[in-house]
Amino acid sequence: MRLRLLAIAFLLLTSCESTHTHRKIIRNDSSFSFSLRYINSGMDSIFNIEANSYVYIENFSNLGNHPCELPTSPCSITENDSLIVLIQGYNFNGDFRNEYNWIEDFSGNKHTIQVCTYEITNDDFE
């Protein structure tokens, strides 16, 4: 009897588990190649981005047991993070902190995926 109760309790707990995947993508839709320096929580990364390509700057999943409590992570970068576009001969005038500059795609119910994309075009350079 105890074994059945434990099995039922285990099934209930695992059937309620949900996942949330969060991705941030920088897409280079410009004709320029550049380097992107990303400083986040003590990590310092440099990505080389060719023209018409993209890079994931964040890609992680969270597990949880509360599918009704969907996360509402903002797409923009926080005040504690830095994204710096390094390109010789040009200045980058984009704003990674402005939430409206990011394109968000949110899908799923119990297992959700939030993809935030920042598109860099030729107009972002002067």
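Residues numbered from 1 in each chain as written. Predicted model: local features only at pLDDT ≥ 70, side-chain atom pairs only at ≥ 80, totals over all residues. Heavy atoms only, no water.

> Mind showing me how you'd approach the sheet that holds strand 3 (residues 43–49) here?
Across the sheet, 3 strands lie side by side as 3-2-5; this open sheet has antiparallel pairing. A single partner strand is all that each edge strand has here, and the edge strands are strand 3 and strand 5 (82–86). Along the sheet, successive strands turn relative to each other by an average axial angle of 15°, direction set aside. Looking at chain direction, strand 2 (residues 34–40) and strand 3 are connected through 7 bridges and run antiparallel. Counted as the bridge partner of Ile39 is Asp44 from strand 3. (Pairing = 2+ DSSP bridges. Helix = DSSP H or I, 4+ residues; strand = E, 2+ residues; numbered from the N terminus. Axes fitted to C-alpha atoms, helices over the stretch in contact; angles between N-to-C directions.)

> What exactly am I supposed to notice about unusual backbone geometry here?
Residues other than glycine predominantly adopt negative phi, and peptide bonds predominantly adopt the trans conformation. Its identity is not glycine, yet Asn52 carries a phi of approximately 55°, on the positive side. Summarising the element assignment, Asn52 is placed in the loop between strand 3 and strand 4 (53–64).

> Looking at this structure, I do not really get the environment of Arg97. What am I missing?
Structurally, the position occupied by Arg97 is in the loop between strand 5 and strand 6 (102–107). The class of Arg97 is partly exposed, set by a relative accessible area of 32%. Sequence separation between Arg97 and Leu83 is 14 residues, and the spatial gap between their C-alpha atoms is 9.3 Å. Apart from the residues lying within four places of it in its own chain, the contact partners of Arg97 are Ser76, Ile77, Thr78, Glu79, Asp81 and Ser82. From its side chain, Arg97 meets the backbone oxygen of Asp81 in a polar contact 2.8 Å long. (Buried < 20%, exposed > 50% of the residue type's maximum accessible area, 1.4 Å probe, protein only. Contact = heavy atoms within 4.5 Å. Polar contact = N/O pair within 3.5 Å; in protein donor to acceptor, adjacent residues only side chain to side chain.)

> Explanation requested: the nonpolar core in the structure shown.
Side chains of a nonpolar character, in soluble globular proteins, are inclined to be buried together. Formed by 20 residues in total, the largest nonpolar core has its most connected members in Ile26, Leu36 and Phe96. Elements represented by at least two residues in this core include exactly strand 2, strand 3, strand 4, strand 5 and strand 7 (111–120). If we skip the residues at most four places from it in the chain, Leu36 touches Ile26, Ser45, Ile46, Phe47, Ile49, Ile57, Leu83, Ile84, Val85 and Phe96. (Core = buried A, V, L, I, M, F, W, Y, C linked by side-chain atoms within 4.5 Å.)

> Even after reading the chapter, I still don't get the side chain of Thr117, so can you show me in this structure?
Tracing the chain through its elements places Thr117 in strand 7. Overall, the relative accessible area of 10% leaves Thr117 in the buried class. The residues contacting Thr117, other than those within four sequence positions of it, are Ile25, Arg27, Asn101, Trp102 and Ile103.

> I would appreciate a short explanation of the pattern of salt bridges in the present structure.
In a structure, side chains of opposite charge can pair up when their charged atoms sit close to one another. Per the stated rule, a full pass over the model turns up 4 salt bridges. Residue Arg27 pairs with Asp29 through a salt bridge whose shortest N-O separation is 3.6 Å. Between Glu119 and Arg27 there is a salt bridge, and its shortest N-O distance comes to 2.4 Å. Of this pair, Glu119 sits in strand 7 while Arg27 sits in strand 1 (residues 18–28); the two residues are 92 residues apart in sequence, bridging distant segments of the chain. One continuous salt-bridge network, built from bridges that share partners, spans Arg27, Asp29 and Glu119. (Salt bridge = Lys/Arg side-chain N within 4 Å of Asp/Glu carboxyl O.)

> I would appreciate a short explanation of the packing of aromatic side chains in the present structure.
Scanning the model with the defined rule gives 9 aromatic pairs in all. Pairing Phe96 with Trp102 gives two aromatic rings, centres 6.4 Å apart and planes at 55°, and the pair type is tilted. Aromatic pair Trp102 and Tyr118: ring centres 5.3 Å apart, planes at 70°, arrangement edge-to-face. With a gap of 16 residues between them, Trp102 in strand 6 and Tyr118 in strand 7 connect regions that are remote in the sequence. With respect to burial, Trp102 and Tyr118 carry one shared label: buried. Taken together, the ring pairs connect Phe32, Phe34, Tyr90, Phe92, Phe96, Trp102, Tyr118 and Phe125 into an aromatic cluster. (Phe/Tyr/Trp six-rings, centres within 6.5 Å; stacked < 30°, edge-to-face > 60°.)

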